[in-house]
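Structural overview
Spelled out from the first residue to the last, the chains are:
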Amino acid sequence: MNKETILEQINVIGRDVFDDESIVLSESTTANEVEDWDSITHVQLLFSIEKQFGIKFTSAEIAKFKNIGEIVACILSK
Amino acid sequence: MNYLEDIIIKIAVENPVHGKKLKKNIGKQTQEYKNKANEFFGTYIDFAKKSDKDLDYGVACYLRMLADVNQEYIAFLETGEYTTKSFEDANRRVYNNPEVMEYYMHGLLMSQYLWVHHNDIYKFFVGNIIAYKNDVKRYLEIGAGHGMYISEATKLLSSDTVYDVVDISPTSLEISKSFIAKKDINYMLTDIYEYEPSEKYDFITMGEVLEHVEDPISLLKCVASLLKDDGTLFITAPANAPAIDHIYLFKNAQDIRDVITKAGLKVEIEHAEYVEDVSPEIAEQFKIALMYGAFLKKQ
């Protein structure tokens, strides 16, 4: 799976989690650009990503997620 | 010195999601809260210096602890259970794991003024302990941490009150000694199950301990046995709060009340609030943690 496909799938998850069909998440997107990206939806987002991609994030990986790009890179590394 | 603002800026760079939350939550607090937080972080810096650490180290530890909480929360959403099942598990993962214990301890200290719900429970304690002012001559705290409760008790209760602190962890006891200003407090390193005081207590405080044991009823019964017949026990405990060393899962406030009743105690007055600013429906849906505090008497 390449970066673009992963990003596309994260966008689908993000629209559901943030309950906003117009959301476009890019690699540089952080919580500062998405109003509803808070501590609750953050965990929902990671939970849904884990299920979608059949992976588990470690605590050390979670600690490094500053933006969508870092989540994508982590999925790619697994 | 505005340590609080510095800390939030640093956290927001490393963890924008949490930075956003802190700006919102701390922004709502009074200047008095911010002053107390800055005073606390000043004490934390002095404490950290003893082991050649600084505030940046505290922030890094806090962020690691937060990532652990997020990971545990994800697992909790999936299974509805805590991942640590026994005290032996908690010992292996945390208490007997020096690397984890080190960042966890510093992270928890930092959280005292970054997690504002701690302050709401503290205000509940302060607002109600004053009613016991003339009745408390012997005060015991089990696991005093940085001394949020006992420090206030020493200011509010009568001047001839005797203060004892019992803790099972030498590290935690050292933290208490470093953070609590009052000097004539008796610190005892012992397991509460083995503690045999010469005289029972009028008031006992036990904050956030019940969720760390396998059998909270047995612990409450043990603590109640150290209380005079008309004595008061103040407890706090979280429900739905996954963490690497939380063992006993209270699913809601009623679960905690049930344990209290089964231990032969009754609630005099209680306070419960979700740690996120959400409606009860959303809290239920997303299993948001709830903080519970109560003043208890023997039945």
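Quick note: structure is the one above.
Scope of this entry: the structure provided in the associated data block. Computed from a predicted model, the values in this text were never measured in an experiment.

If you look at the interface, chain A gives 22 residues, while chain B gives 19 residues. Between chain A and chain B, a total of about 1900 Å² is buried, with carbon and sulfur atoms accounting for 65% of that surface. The salt bridge involving B:Glu78 is made with A:Lys56; its shortest N-O contact spans 2.6 Å. Counting the contacts that link chain A with chain B gives 8 residue pairs in polar contact (both at pLDDT 80 or more). Going through the elements one at a time, α2 (39–53) and α3 (59–64) of chain A are the ones with two or more residues in the side of chain A that touches chain B. With 8 residues, α2(A) is the largest single contributor of residues to the side of chain A that touches chain B. In the side of chain A that touches chain B, the residues fall into 10 nonpolar, 7 polar and 5 charged.

Residue and element names in this part refer to chain B. Applying the stated criterion across every chain, the model contains 25 aromatic pairs over all chains. Residues Tyr-33 and Tyr-113 carry aromatic rings whose centres are separated by 5.5 Å and whose planes lie at 55° to one another, so their mutual orientation is tilted. With a gap of 80 residues between them, Tyr-33 in helix α3 (residues 31–49) and Tyr-113 in helix α6 (residues 98–114) connect regions that are remote in the sequence. Of the residues examined, Tyr-33 reaches a relative accessible area of 4% and is grouped as buried. Aromatic pair Phe-124 and Phe-234: ring centres 6.2 Å apart, planes at 40°, arrangement tilted. Of this pair, Phe-124 sits in helix α7 (residues 117–129) while Phe-234 sits in strand β5 (residues 227–239), and the two are 110 residues apart along the sequence.

Further remarks concern the pattern of salt bridges. All chains considered together, the criterion is met by 23 salt bridges over all chains. Measuring nitrogen to oxygen at the nearest pair gives 4.0 Å for the salt bridge that ties B:Asp164 to B:Arg138. Residue B:Asp164 is found in strand β2 (residues 162–167), and its partner B:Arg138 is found in strand β1 (residues 138–142); the two are separated by 26 residues along the sequence. Residue classification places B:Asp164 among the buried positions, given a relative accessible area of 5%. Take B:Arg138: its relative accessible area is 11%, and that puts it in the buried class. Residues participating in the shared-partner salt-bridge network are A:Glu50, A:Lys56 and B:Glu78.

All names here are of chain B. On the basis of which strands lie adjacent, the open sheet formed by 7 strands has the order β3-β2-β1-β4-β5-β7-β6 and mixed pairing. Whereas interior strands pair on both sides, the edge strands pair on one side only; in this sheet they are β3 (186–189) and β6 (265–274). Ignoring strand direction, the axes of neighbouring strands in this sheet form an average angle of 15°. Across 9 bridges, the pairing between β6 and strand β7 (residues 290–298) is antiparallel. When the bridges of β7 are listed, Leu-265 appears paired with Lys-298. Set on the sheet, helix α8 (residues 148–156) makes contact with β1, β2, β4 (201–207) and β5; between it and β1 the angle comes to about 170°. Docked against the sheet, helix α10 (residues 216–224) engages β1, β4, β5, β6 and β7, running at close to 150° with respect to β5.

Conventions used here
Residues numbered from 1 in each chain as written. Chains lettered and ligands numbered in written order. Predicted model: local features only at pLDDT ≥ 70, side-chain atom pairs only at ≥ 80, totals over all residues. Heavy atoms only, no water. Contact = heavy atoms within 4.5 Å. Buried area = accessible area lost by both parts, 1.4 Å probe. Salt bridge = Lys/Arg side-chain N within 4 Å of Asp/Glu carboxyl O. Polar contact = N/O pair within 3.5 Å; in protein donor to acceptor, adjacent residues only side chain to side chain. Helix = DSSP H or I, 4+ residues; strand = E, 2+ residues; numbered from the N terminus. Nonpolar A, V, L, I, M, F, W, Y, C, P; charged D, E, K, R; others polar. Phe/Tyr/Trp six-rings, centres within 6.5 Å; stacked < 30°, edge-to-face > 60°. Buried < 20%, exposed > 50% of the residue type's maximum accessible area, 1.4 Å probe, protein only. Pairing = 2+ DSSP bridges. Axes fitted to C-alpha atoms, helices over the stretch in contact; angles between N-to-C directions.

That's the geometry; what it means functionally is another story.
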